[in-house]
Amino acid sequence: MLCRLVCCTRGYNEILNKWKVVCNKMESPYFKRTTRSSIIVKVKVENEQLIPEESSTETNQKVSTKKRQKRPKVEIKYEESPLEEHQITKQESSGWEPPMWREQLKNISDMRKSRNAAVDSMGCDVISDTLASPEVYRYQVLLSLMLSSQTKDQITSAAMKKLREHGCSIDNILETSDQVLGELIYPVGFWKKKIEYIKRTSKILQEEYNGDIPDTVEKLCKLPGVGPKMAYLAMKCAWNQIVGIGVDTHVHRISNRLRWVKKPTKQPEDTRKELQDWLPREYWRDINHLLVGFGQQTCLPVGPRCYECLNKEICPVGKTNKKIPSPKKIKKEEVKEEME
């Protein structure tokens with residue numbers, strides 16, 4: 001009996017070992033080892049397969065629910081956008097401006113009604129030959145502006161008269177010697193330096209602009225001896241285009257005295273930027289001519305005639321300057337102006 005039991009046990013163990021071997025050799029996917037990456041792929045596939053199995057009703061409910069949640073956000077964004085644009089436009093249009101500039105400008109215009117200042121009869125557009133060809137006229141306008149720097153209008157006008165009598169065209173100026181050209185423009189300020197500027201500028205105009213002057217401020221400012229003031233005035237007088245304000249020493253001085261700038265400026269170019277920032281564009285054409293004449297007759301660099309100025313009660317300088325010269329001194333100044 002014991003021998004039979006031992007034989008049965010051995011037989012059972014042999015059968016069990018054979019079964020293990022068979023199981024190891026099986027290639028069923030259920031017994032196959034899977035790596036981490038294969039599990040991820042399997043999950044992705046299962047997820048993709050699960051999507052179509054959802055009922056259409058549930059899917060529509062989810063989509064509609066999402067749409068209902070997003071609609072308020074889209075509407076709110078749409079309503080805020082025009083409001084922000086309106087606020088930006090309002091900020092840009094409401095800039096700083098001097099409190100009484102309109103009244104001050106009107107008074108200056110009233111004082112300049114007679115138009116008898118030096119700039120009225122000796123400005124760059126007046127002393128140039130209006131009967132010449134357009135190219136020659138524009139060249140003379142530019143030349144008169146170059147000569148006017150640091151020079152009184154009377155001297156500039158006399159120099160331009162001599163140049164026109166000599167022949168004020170690009171070709172003729174280039175053929176003129178430096179000595180003769182100096183004799184023609186003397187005694188304008190810095191006349192020796194201006195001989196060089198005139199010759200170099202004329203050469204550039206002949207070679208690069210076909211005998212004409214540039215038609216933009218940027219190109220004009222690249223010419224020797226031409227600054228922003230001359231460029232803006234050349235655009236106005238030669239090309240009849242108002243692209244900015246020409247600010248010379250008179251406009252610079254008066255703008256600071258009237259507090260037409262946010263803070264005192266040291267350079268005319270800074271004053272130009274300040275004026276263009278707030279002065280309405282319709283005033284740009286006449287503002288230079290108006291203030292230059294006013295500066296030549298009333299708002300003088302030294303000893304301004306605040307006593308006869310219509311702005312004496314609304315001008316910061318006029319309020320403090322209460323000096324009234326004697327009649328004899330006033331008469332002397334009037335005679336001096338007539339002689340000039």
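Going by the structure above, here's the rest.
Residues numbered from 1 in each chain as written. Predicted model: local features only at pLDDT ≥ 70, side-chain atom pairs only at ≥ 80, totals over all residues. Heavy atoms only, no water.

Thoughts on the overall build of the protein chain
When helices and strands are tallied, the protein chain shows 17 helices and zero strands. With 340 residues in all, the protein chain has 34% of them scored as buried. At a minimum sequence separation of 6, the contacts of the protein chain that also span at least 24 residues come to 62%. Split by element, the accessible area of the protein chain, about 23200 Å² in all, is 55% carbon and sulfur. (Helix = DSSP H or I, 4+ residues; strand = E, 2+ residues; numbered from the N terminus. Buried < 20%, exposed > 50% of the residue type's maximum accessible area, 1.4 Å probe, protein only. Contact = heavy atoms within 4.5 Å. Areas by Shrake-Rupley, 256 points an atom, 1.4 Å probe, with all protein chains shown as cover.)

Quick notes on unusual backbone geometry
Following tyrosine 186, the chain continues into proline 187 via a peptide bond in cis, with omega recorded as 10 degrees. Along the chain, proline 187 falls in the loop between α9 (178-185) and α10 (191-208). Not every positive phi belongs to a glycine, and arginine 115 is a case in point at roughly 50 degrees. For arginine 115, a relative accessible area of 41% corresponds to the partly exposed category. One non-glycine residue, phenylalanine 190, lies in the positive phi region at around 55 degrees.

Observations concerning the environment of threonine 320
Turning to its location among the elements, threonine 320 is positioned in helix α16 (residues 316-320). C-alpha separation for the pair threonine 320 and cysteine 306, spaced 14 residues apart in sequence, amounts to 9.4 Å. Of the polar contacts made by the side chain of threonine 320, one reaches the backbone oxygen of valine 317; its length is 3.0 Å. (Polar contact = N/O pair within 3.5 Å; in protein donor to acceptor, adjacent residues only side chain to side chain.)

Looking at the packing of helix α6 (residues 134-148) against helix α12 (residues 228-237)
Across the interface, α6 lies against α12 with an axial gap of 10 Å and an inter-helix angle of 150 degrees. Judged on the interaxial angle alone, α12 and α6 are roughly antiparallel. Considering the relative orientation of α6 and α12, their crossing is right-handed. Residues Tyr137, Val141, Leu145, Met146 and Ser148 of α6 form the contact with α12, whose participating residues are Lys229, Met230, Leu233, Ala234 and Cys237. Of the residues belonging to the contact of α6 with α12, the class tally is eight nonpolar, one polar and one charged. (Axes fitted to C-alpha atoms, helices over the stretch in contact; angles between N-to-C directions. Parallel < 35°, antiparallel > 145°, perpendicular 65-115°, else oblique. Left-handed = near helix turned anticlockwise from the far one by under 90°. Nonpolar A, V, L, I, M, F, W, Y, C, P; charged D, E, K, R; others polar.)

Focus on the packing of aromatic side chains
For the coordinates displayed, the defined rule picks out five aromatic pairs. An angle of 65 degrees between the planes, with centres 5.1 Å apart, marks the rings of tryptophan 101 and tryptophan 278 as edge-to-face. Within this pair, whereas tryptophan 101 is found in helix α4 (residues 101-111), its partner tryptophan 278 is found in helix α14 (residues 268-278), the two being separated by 177 residues in sequence. Accessibility classification places tryptophan 101 together with tryptophan 278 in one group, the buried group. Centroid distance tyrosine 186 to tryptophan 191: 5.4 Å. Interplanar angle 85 degrees. Geometry classified as edge-to-face. (Phe/Tyr/Trp six-rings, centres within 6.5 Å; stacked < 30°, edge-to-face > 60°.)

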